[in-house]
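# Structural characterization, general
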Amino acid sequence: SDATVKFVNPLPFVKDIEASKRFYCSTVSLSILEDRGNFVKFANGFAMHDGGALFRNVFGVEDTSAPPYGRGNLVLYFEETNLDETFARISQDVVLIHAIREEPWGQQVFRFFDPDRHVIELGEPQ
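Residues numbered from 1 in each chain as written. Predicted model: local features only at pLDDT ≥ 70, side-chain atom pairs only at ≥ 80, totals over all residues. Heavy atoms only, no water.

Along an α-helix, residues three or four positions apart point the same way, because every turn accommodates 3.6 residues. Of the positions making up helix 3 (residues 83–90), those classed as buried are Leu 83, Thr 86, Phe 87 and Ile 90. For helix 3, the angular spread of buried residues about the axis comes to 100 degrees, placing them on one side. Along helix 3, exposed side chains directed more than 90 degrees from the buried face belong to Asp 84, Glu 85 and Ala 88. Looking at the buried side of helix 3, the elements it contacts are helix 1 (17–27), strand 6 (95–102), strand 7 (108–113) and strand 8 (119–123). (Buried < 20%, exposed > 50% of the residue type's maximum accessible area, 1.4 Å probe, protein only. Helix = DSSP H or I, 4+ residues; strand = E, 2+ residues; numbered from the N terminus. Arc of directions from axis to C-beta. Contact = heavy atoms within 4.5 Å.)

In structure tokens form, the structure reads like this:
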């Protein structure tokens, strides 16, 4: 068979999908391609899902644990050609992890948290 598994995108759980939509549209400057209420896909392929609804769909029960979603164990990586300009525009509006710095592999990046404390990494194109 020629069937190959194609990776499409991660689908992070978010606590408040309206707050996350505002954050990713206004702060990160993404455009919504598809909005189905509990599921939002952005024009760059990134997508997110309302946490409670996704939990019910996947596991067939309510999520009664109410854990925080972002636990510092997942990085959502984006690239931006105008890194300095983007940092200047959004750094005051986000919970910053660190300012622009050069990583050991030579790339300039900065990192911050989204509303669920998922780590967002914004770097210059490699």
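Back to the text.
On the surface, Val 58, Phe 59 and Val 61 cluster together to form a nonpolar patch covering roughly 290 Å² of accessible area. Turning to its location among the elements, Phe 59 is positioned in helix 2 (residues 51–59). Phe 59 gets classed as exposed once you look at its relative accessible area, which sits at 51%. (Patch = residues over 30% accessible without salt bridge, like charges linked within 9 Å, V, L, I, M, F, W, Y side chains within 5 Å. Areas by Shrake-Rupley, 256 points an atom, 1.4 Å probe, with all protein chains shown as cover. Salt bridge = Lys/Arg side-chain N within 4 Å of Asp/Glu carboxyl O.)

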